[in-house]
Amino acid sequence: MFNKIIKRGNRKGARGDSAEPAARPAAPSSSSGSGGGGGAGGAAPVTVNHASRATAPSPSSPTSPHVAPSALATNQAAGSASPPLLEPLPLLRDVAAADRPGLLLRKLRLVAAVFDLSDSLKHPREKEAKRQALLELVDYVQAPAQAAGANAQTRLPDHVQEALVAAISANIFRPLPPALHESAAAIDPGAALDEEEEPYLDPSWPHLQLVYDLLLRYVVSPDTDTKVAKRYVDHAFVLRLLDLFDSEDPREREYLKTVLHRIYGKFMVHRPFIRKAINNVFYRFIFETQRHNGIGELLEILGSIINGFALPMKEEHKLFLARALIPLHKPKSVAIYHQQLSYCIVQFVEKDYKLADTVIRGLLKYWPVTNCQKEVLFLGELEEVLEATQPAEFQRCMVPLFKQIGRCLNSSHFQVAERALFLWNNDHIVSLIAQNRGVIFPIIFEALERNIQSHWNQAVHGLTANVRKMFLDMDSELFEECQHQYMEKQAKAKEMQEQRESAWRQLEAVVAAKAAGDDMVLVN
């Protein structure tokens, strides 16, 4: 009786373990025929749904004739509590060319199984077998068809490409861990995130790197036909790829940047969609969350894209500059991605000099008021934009521009004032100022005089004296006129101050006399 009870308990335990698999097989559906079509007649093409690729096939569903039952058994066994029995698969180079598609599908079924990589003690043999399969697939995909003695269609048939993209999707498209600021807020809502915090490194990255490498080799391979691949690397795939840019692991974002850039270069049909999708990421970041880890990487991709824009520039690209790139100066975290943003902005101005006025007025619109470090960044970007600005565009915006520069000259933060004075070290900017000195001198002369008289920093004081001397050498008559106007303005201001103080003294005297009279009445 005791033995029967033990055996019955073991059977129940086995069923309970199989109900919660540790590995999630993502067996892609494959269809016979070179065009990816299915059905009885094979004439109607099958639309690939990425969501259905990551689901395991039911035992009752028909499998592809290229898929060996042992591969399915291996994936199903990977989900059991006990270690699955792996059937050793031969190397791709050891089988005939006609048998390679079937072997590829079996290896891709193994790659599509997702294991818990945070625990190195779970399924070590299966993880190692998957790693070896990934390494072999990377070598196979990156080898050109001519070197392998076969054509591209026989090396990577349509159903194998579908299975390849599905296996990649099963591994990289996953819920990202909570961000550092979210974890800190959950523990202590009042805690502030340290900007110098060490970046998060995903423990599963050694495995993910192989998957990303496989995707990259597939995209850049000369044997990959975009007419076929675009059915699998489609808009849904691109959107999910963009979602991963919010990963906190900088190594993953670097790979994503390279992969997306290669997809943009190879799949011309996806280019408008990719630009629009990146726009939407920026809009959400600017106007909703103001938190995203991959803005810098996306801007690096755009910098290369903008560099390839044809002239005359399309209206779509100009709207992108005005509605997405310029407002990216607004968030507090602009310092993280400012270098890439500045490069994109300057690329626009160098492509079309008429956009300089739009860019400069946009910078003035989002100019920081209390953030001095951000102000230094803006001044550096402004100098780069002015280097590419033509005289006609400069004249349109010089008045509000130099009013803001004048305020920067008088900043009590010495780095802001110093960076503003460094603008006069640029020969092109000095030539633009010289051509319009009749308008610019009167605007900033007062700021220069204030620095000479009262700025606390000696370096700023010395730089101001140099700029003042430059103006004097450039046009002494205008300098004397501005100085005369400044002295008159100061005299008027002093006279107004004296009149104001005199009026207050008279009011105080009247109040004092009235108070003294009231005291005498009360005494009587």
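Numbering of residues starts from 1 in each chain and follows the order in which that chain's sequence is written. Totals for whole chains, interfaces and linings use every residue, but because this is a predicted model, local features are given only for residues with pLDDT of at least 70 and side-chain atom pairs only at 80 or more, for both listing and counting. The side-chain values count all of the structure's non-hydrogen atoms but skip hydrogen atoms and water molecules.

Per an unreviewed UniProt entry, the protein chain goes by the name Serine/threonine protein phosphatase 2A regulatory subunit and belongs to Miscanthus lutarioriparius. UniProt positions are given in the numbering used here, feature names are shortened, and annotations may be inferred rather than shown by experiment. Check the Subcellular location (unreviewed entry) section of the UniProt entry for the protein chain; it says "Cytoplasm".

A tally of regular secondary structure across the protein chain gives 25 helices and zero strands. Each residue gets one of three labels from its accessible area relative to the maximum for its type: buried under 20%, exposed over 50%, partly exposed in between, using a 1.4 Å probe on protein chains only. Across the 524 residues in the protein chain, those meeting the buried criterion constitute 43%. Using the Shrake-Rupley algorithm and a 1.4 Å probe, accessible areas are obtained, with residue cover drawn only from the displayed protein chains. As displayed, the protein chain has an accessible area near 28000 Å², and 55% of this comes from carbon and sulfur atoms. Only runs of H or I of at least four residues qualify as helices and only runs of E of at least two qualify as strands under DSSP, and these elements are numbered from the N terminus.

In this section: unusual backbone geometry. The omega torsion across Leu-311 and Pro-312 is 0°, close enough to zero to call that bond cis. Relative to the helices and strands, Pro-312 resides in the loop between helix 15 (295–307) and helix 16 (315–325). Not every positive phi belongs to a glycine, and His-123 is a case in point at roughly 50°. Along the chain, the position of His-123 falls in the loop between helix 4 (100–112) and helix 5 (124–142). When its relative accessible area of 11% is taken as the criterion, His-123 is described as buried. Its identity as a non-glycine residue notwithstanding, Gln-290 has a phi of 55°, on the positive side.

Moving on, we get to the nonpolar core. Only buried residues count toward a nonpolar core. Its members are Ala, Val, Leu, Ile, Met, Phe, Trp, Tyr and Cys residues joined through side-chain atoms within 4.5 Å. The biggest cluster of nonpolar side chains holds 127 residues, and the ones touching the most others in it are Phe-282, Leu-325 and Trp-424. Considering each element in turn, this core owes the most residues, 10 residues, to helix 10 (residues 205–220). Here, residues are in contact when the closest pair of their heavy atoms is within 4.5 Å. Excluding anything up to four places from it in sequence, Phe-282 contacts Ile-295, Leu-298, Leu-299, Leu-302, Phe-320, Ala-324, Leu-325 and Leu-328.

By convention in these notes, a salt bridge is any Lys or Arg side-chain nitrogen within 4 Å of a carboxyl oxygen on Asp or Glu. Taken as a whole and judged by the stated rule, the model has 22 salt bridges. For Asp-352, the salt bridge goes to Lys-318, with nearest N and O atoms at 4.0 Å. Of this pair, Asp-352 sits in the loop between helix 17 (334–351) and helix 18 (356–365) while Lys-318 is found in helix 16, placing the two residues 34 residues apart along the sequence. Judged by relative accessible area, Asp-352 falls into the buried class, the value being 15%. Of the residues examined, Lys-318 reaches a relative accessible area of 26% and is grouped as partly exposed. Of the charged contacts, one joins Asp-357 and Arg-361 as a salt bridge, the two residues approaching to 2.9 Å between their closest N and O atoms. Residue Asp-357 and its partner Arg-361 are located together in helix 18, separated by four residues, close to a single helical turn.

Another aspect to go through is helix 8 (residues 158–172). Working rule for helices: expected span equals 1.5 Å times residues minus one. Over its 15 residues, helix 8 extends 21 Å from the first C-alpha to the last, a length consistent with the 21 Å expected when each residue adds 1.5 Å. Most of helix 8 is tucked away, with 15 of its 15 residues classed as buried.

This next bit is on the environment of Lys-230. Inspection of the secondary structure assignment puts Lys-230 in the loop between helix 11 (226–229) and helix 12 (235–243). Judged by its relative accessible area of 38%, Lys-230 is partly exposed. In this structure the C-alpha to C-alpha distance between Lys-230 and Met-268, which are 38 residues apart in sequence, comes to 9.9 Å. Sequence-distant contacts of Lys-230, defined by excluding residues within four places in its chain, comprise Phe-267, Val-269 and His-270.

Next up on the list: the packing of helix 4 against helix 8. Each pair of packed helices gets described by two things: the angle between the helix axes and the distance between those axes. Axis separation between helix 4 and helix 8 bottoms out at 9 Å; the angle between their running directions is 10°. Here helix 4 lies roughly parallel to helix 8, going by the angle between them. Crossing geometry of helix 4 relative to helix 8 is assigned as left-handed. On helix 8, the residues touching Pro-101, Leu-104, Leu-105, Leu-108, Val-111 and Ala-112 of helix 4 are His-159, Val-160, Ala-163, Leu-164, Ala-167, Ala-170 and Asn-171. Angles here are taken between N-to-C directions and fall from 0 to 180 degrees, while the axes themselves are lines fitted to C-alpha atoms, restricted in helices to the stretch in contact. In these notes the angle categories are as follows: under 35 degrees is roughly parallel, over 145 is roughly antiparallel, 65 to 115 is roughly perpendicular, and the rest is oblique. When the near helix sits turned anticlockwise from the far one by under a right angle, the crossing is termed left-handed; a clockwise turn instead gives a right-handed crossing.

This next bit is on the side chain of Asn-451. With respect to the element layout, Asn-451 can be found in helix 23 (residues 437–454). On the accessibility criterion, Asn-451 (1% relative accessible area) is buried. Pairing of N or O atoms within 3.5 Å defines a polar contact, subject to two protein rules: one partner must be a possible hydrogen donor and the other a possible acceptor, and residues neighboring in sequence count only if both atoms are side-chain atoms. Engagement of the side chain of Asn-451 in a polar contact is seen with the backbone oxygen of Leu-409, the distance being 2.8 Å. Here the side chain of Asn-451 touches Asn-410 through a polar contact of 3.0 Å, side chain to side chain. Filtering out sequence-adjacent residues up to four positions away, Asn-451 remains in contact with Leu-409, Asn-410, Val-460, His-461 and Thr-464.

Only Phe, Tyr and Trp rings take part, Trp by its six-membered ring, and two of them pair if their centres are within 6.5 Å. Stacked means planes under 30 degrees apart, edge-to-face means over 60, and tilted covers everything else. Within this structure, the stated rule accounts for 15 aromatic pairs. Centre to centre, the rings of Phe-402 and Trp-424 are 6.5 Å apart; their planes meet at 70°, and the pair counts as edge-to-face. Highlighted residues: Phe-402 in helix 20 (residues 391–409) and Trp-424 in the loop between helix 21 (414–421) and helix 22 (427–435), separated in sequence by 22 residues. By relative accessible area, which is 4% here, Trp-424 ends up buried. Counting every residue linked through ring pairs, the aromatic cluster contains Phe-394, Phe-402, Trp-424, Phe-441 and Phe-471.

This part is about the confidence of the model for the protein chain. Caution applies to low-pLDDT regions: their predicted coordinates should not be interpreted in detail. On average, the protein chain scores 82 in pLDDT, and the residues at 70 or more come to 77%. In this model residues 4–85 is a low-confidence stretch, pLDDT under 50, and it forms 114 contacts with partners more than four residues away in sequence or in other chains. Between residues 188–193, whose pLDDT stays under 50, and residues either more than four places distant or in other chains, the model counts four contacts. pLDDT measures the predictor's confidence residue by residue and takes values from 0 up to 100.

A few words on helix 16. Buried within helix 16 are the following residues: His-317, Phe-320, Leu-321, Ala-324 and Leu-325. Axial view of helix 16: buried residues confined to an arc of 115°, hence all on one face. Of the surrounding elements, those touching the buried residues of helix 16 are helix 14 (271–289), helix 15, helix 17 and helix 18. What the arc measures is the spread of directions leading from the helix axis to the C-beta atoms.

With that settled, the discussion passes to the packing of helix 14 against helix 15. Interhelical geometry of helix 14 versus helix 15 gives an angle of 140° and a closest axis separation of 11 Å. By the angle between their directions, the pair helix 14 and helix 15 is classed as oblique. The hand of the helix 14/helix 15 crossing is left-handed. Two secondary-structure elements touch here, helix 14 through Arg-275, Ile-278, Val-281, Phe-282 and Phe-285 and helix 15 through Ile-295, Leu-298, Leu-299, Leu-302 and Ile-305. Only Asp, Glu, Lys and Arg are considered charged, only Ala, Val, Leu, Ile, Met, Phe, Trp, Tyr, Cys and Pro nonpolar, and every remaining residue, Gly among them, polar. Per-class residue counts for the contact of helix 14 with helix 15 are nine nonpolar, no polar and one charged.

Turning our attention to the state of the cysteines. By definition, disulfides here are pairs of cysteine sulfur atoms that lie within 2.5 Å. One pass over the structure, following the stated rule, counts zero disulfides. Unpaired in terms of disulfides, Cys-372 finds its nearest cysteine sulfur in Cys-408, a separation of 9.6 Å. The exposure class assigned to Cys-372 is partly exposed, which follows from its relative accessible area of 23%.

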